[in-house]
Amino acid sequence: MSQPVSIVLNNAADYVEWRHAARGLLADHVPPDQVAFRRAGTTADLFAAAGVAEPAPRTYDTGQGPSHRVPRAFPPLAIAALCHRDDSRFALLYRLLWRLRDEPHLLDDASDRDVWNAQRMAKAVRRDAHKMKAFVRFRRVEHGDDDGEAFVAWFEPEHHIVERTAPFFARRFAGMRWSIVTPDCSAHWNGSELSFGDGASRETCPDSDALEDHWRVYYASIFNPARLKVNAMRAEMPVKYWRNLPESRLIPELTRSAQQAQRAAPAGTAPSRSTARRLVANQPDMLPVSDERPQTLEAIHHQVSRCTRCELCTVATRAVPGEGPADARLMLVGEQPGDKEDLAGRPFIGPAGEVLNEALAESGIQRDAVYLTNAVKHFRHVVRGKQRIHQRPAVGHIEHCRWWLDLEREIVAPRVIVALGATAARAVLGRAVSVSEVRGQVIADDSGNVVIVTIHPAYLLRLASENDARTERGRFVEDLRLAASGAR
Ligand code: URA
């Protein structure tokens, strides 16, 4: 029988560090119930509770121990779950790893307690990261040197998500120098490089600046009294975040007057068309500040149908929501609805959809088992005579619409996402990639999710040479097969 082993990890959420330890433990055949993990600087509660002395912590050097084959779904699950604040996460993931050797399909069993717990943690972490993306507010700080302005934001995440979420801010605010300070850790962007440092207290961050007025004007303009649901607002925007939001000072007053108006108005009163138009026209190019966060695909679809986040809502007939099961293992993301989709309100039902349907069938994928959506939900086009000519969505359209795509991804949580073409790849990965360079590779996005980039099916319709079309179509089917095998 093996001796109890103590493992001390230096980092809160470092997959590589945890994996080295886990591989070493597997190589030494240490069963999960003989291991106690703890963070450096914390006490070994387990040994103290059992009234025994903690053995000298065992260390495993980089790369020690053979690597074990794990299902593709394990690394993204572990990467996310490790960011959870619950200290049991290290041991839970080691137990899963240990069990996976004899139970290779364990992760398919969502009712298993360990699987369920790991998925619950991963989900909480993803949700926390979404909150950070929506609720971080930068404040301008004075800079004595001639490097120009800099910005600081204070945020209190639930979990250890700063390192996994900071790349999002580096992309979105690439041209600014900023720091995000949290109690555990801080992230810094100098315009070209991300770095991380210690946490700090709220007092170290500036409290207000002129940017706040901008936020307040914006918030007042998008506040929709007809949709006021205070409880849902609180659930979505917990009070601890309100303190950091410049617009929060408006909330009590806007809420009070809206509630008075609701009491006075007959049920079902809707804002007038002119009010709706004015709100759309006033909407600046910013992250959403507050809205009821949809918790189901139906709720997302309902909200997408009313989306006014960019001007495409004034051009297209309707927004086209995604379709497919909420527990789909495979998600396909297209560019934007085409002419036919715009009229019918369903994705991929036109010529590109026919090509896609055939390729799906040939690669053994059932269309109705897949969640099918688009990077941009409205049809961008210009009218020439009687024709509506497709126009590629601009980067701003993709960025605005990522709000919806990210929500769809969070709810469906597919094992594999296939990005069809460059627009979809940008939306899914959050950065521009060359499709020809990354095509058919298994890529991990910022959150460790598996992504495969391939061509858009409409590309096959544009190829003049039959030979090229045949070759490209074959490659497309191969890419889909690869995705299907990862999603199984
Ligand atoms: N092209 C897309 O990218 N999506 C559709 O839904 C239709 C055509």
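Residues numbered from 1 in each chain as written. Predicted model: local features only at pLDDT ≥ 70, side-chain atom pairs only at ≥ 80, totals over all residues. Heavy atoms only, no water.

**Brief notes about the packing of helix 5 (residues 113–135) against helix 6 (residues 162–172)**
No. 1: At their nearest, the axes of helix 5 and helix 6 sit 10 Å apart, and the two run at 40° to each other. Classified by the angle between their axes, helix 5 and helix 6 sit oblique to one another. Of the two possible hands of crossing, helix 5 and helix 6 adopt the one that is right-handed. For the pair helix 5 and helix 6, the contacting residues are Val125, Arg126, Ala129, Met132 and Lys133 in the first and Val162, Arg164, Thr165, Phe168 and Phe169 in the second. (Axes fitted to C-alpha atoms, helices over the stretch in contact; angles between N-to-C directions. Helix = DSSP H or I, 4+ residues; strand = E, 2+ residues; numbered from the N terminus. Parallel < 35°, antiparallel > 145°, perpendicular 65-115°, else oblique. Left-handed = near helix turned anticlockwise from the far one by under 90°. Contact = heavy atoms within 4.5 Å.)

**Here we look at the pairing of strand 6 (residues 185–189)**
For a regular strand, side chains alternate in direction, first toward one face of the sheet and then toward the other.
No. 1: When you tally the buried positions in strand 6, you get 4 out of 5 residues, the bulk of the element.
No. 2: When strand 5 (residues 178–181) meets strand 6, the two strands line up antiparallel, connected through 4 bridges. If you follow Val181 over to strand 6, its bridge partner there is Ser186.
No. 3: Hairpin connection, strand 5 to strand 6: the antiparallel pair is bridged by 3 residues.
No. 4: Here strand 6 pairs with strand 7 (residues 194–198) via 5 bridges, running antiparallel. By the bridge assignment for strand 7, His188 is matched with Ser195.
No. 5: Where strand 6 folds back onto strand 7 in an antiparallel hairpin, the turn is made up of 4 residues, including Gly191, whose phi is positive at roughly 105°. (Buried < 20%, exposed > 50% of the residue type's maximum accessible area, 1.4 Å probe, protein only. Pairing = 2+ DSSP bridges.)

**Comments concerning the packing of aromatic side chains**
No. 1: A complete count under the given rule lists 11 aromatic pairs for this structure.
No. 2: Each ring, one from Tyr94 and one from Trp98, has its centre 6.3 Å from the other, and the planes form 55°; the classification is tilted. On the criterion of helical spacing, the pair formed by Tyr94 and Trp98 is a turn pair, its members being 4 residues apart in helix 4 (residues 89–100).
No. 3: Here the aromatic rings of Phe168 and Phe169 are separated by 5.0 Å at their centres, their planes lie at 90°, and the arrangement is edge-to-face. As far as the burial class goes, Phe168 and Phe169 line up, both buried. (Phe/Tyr/Trp six-rings, centres within 6.5 Å; stacked < 30°, edge-to-face > 60°.)

**A short note on helix 16 (residues 422–429)**
No. 1: Here helix 16 lies mainly inside the structure; 6 of its 8 residues are buried.
No. 2: Within helix 16, the full set of buried residues consists of Thr423, Ala424, Ala425, Ala427, Val428 and Leu429.
No. 3: Close packing links the buried residues of helix 16 with helix 6, strand 8 (330–334), helix 15 (395–412), strand 12 (416–420), strand 13 (442–444) and strand 14 (450–454).
No. 4: Positioned one or two residues after helix 16, Gly430 has a phi angle of 75°, which is positive.

**So, the side chain of Glu17**
No. 1: Turning to its location among the elements, Glu17 is positioned in helix 1 (residues 15–27).
No. 2: One buried charge, Glu17, has no salt-bridge partner; the nearest side chain with opposite charge is Arg39, at 6.9 Å.
No. 3: Within the local environment of Glu17, its side chain forms a polar contact with the backbone nitrogen of Asn10, the two atoms lying 2.6 Å apart.
No. 4: Among all residues touching Glu17, those that are not within four sequence positions of it are Leu9, Asn10 and Asn11. (Lys, Arg positive; Asp, Glu negative; His and termini not counted. Salt bridge = Lys/Arg side-chain N within 4 Å of Asp/Glu carboxyl O. Polar contact = N/O pair within 3.5 Å; in protein donor to acceptor, adjacent residues only side chain to side chain.)

**Some words on the nonpolar core**
No. 1: Counting residues in hydrophobic clusters, the biggest one holds 82 residues, and the most contacted among them are Phe138, Trp178, Ile180, Leu330, Leu332 and Val453.
No. 2: Ranked by the residues each element gives to this core, the list is headed by helix 15, at 7 residues.
No. 3: One finds Leu25, Phe90, Leu93 and Ala118 within the second-largest nonpolar core, a separate group that totals 32 residues. (Core = buried A, V, L, I, M, F, W, Y, C linked by side-chain atoms within 4.5 Å.)

**Thoughts on the sheet that holds strand 12**
No. 1: Pairing is mixed across the open sheet formed by 5 strands, whose spatial order is 9-8-12-14-13. Only two strands of the sheet have a single partner each, and these edge strands are strand 9 (371–374) and strand 13. Taking the axes of each pair of neighbouring strands and ignoring which way they run, one obtains an average angle of 30° across the sheet.
No. 2: Pairing analysis gives 4 bridges linking strand 8 to strand 9, with the strands arranged parallel. Each residue of the ladder has a partner; that of Met331, found in strand 9, is Tyr371.
No. 3: Along the sheet, helix 16 contacts strand 8, strand 12, strand 13 and strand 14; its crossing angle with strand 12, the most-contacted strand, is approximately 140°.

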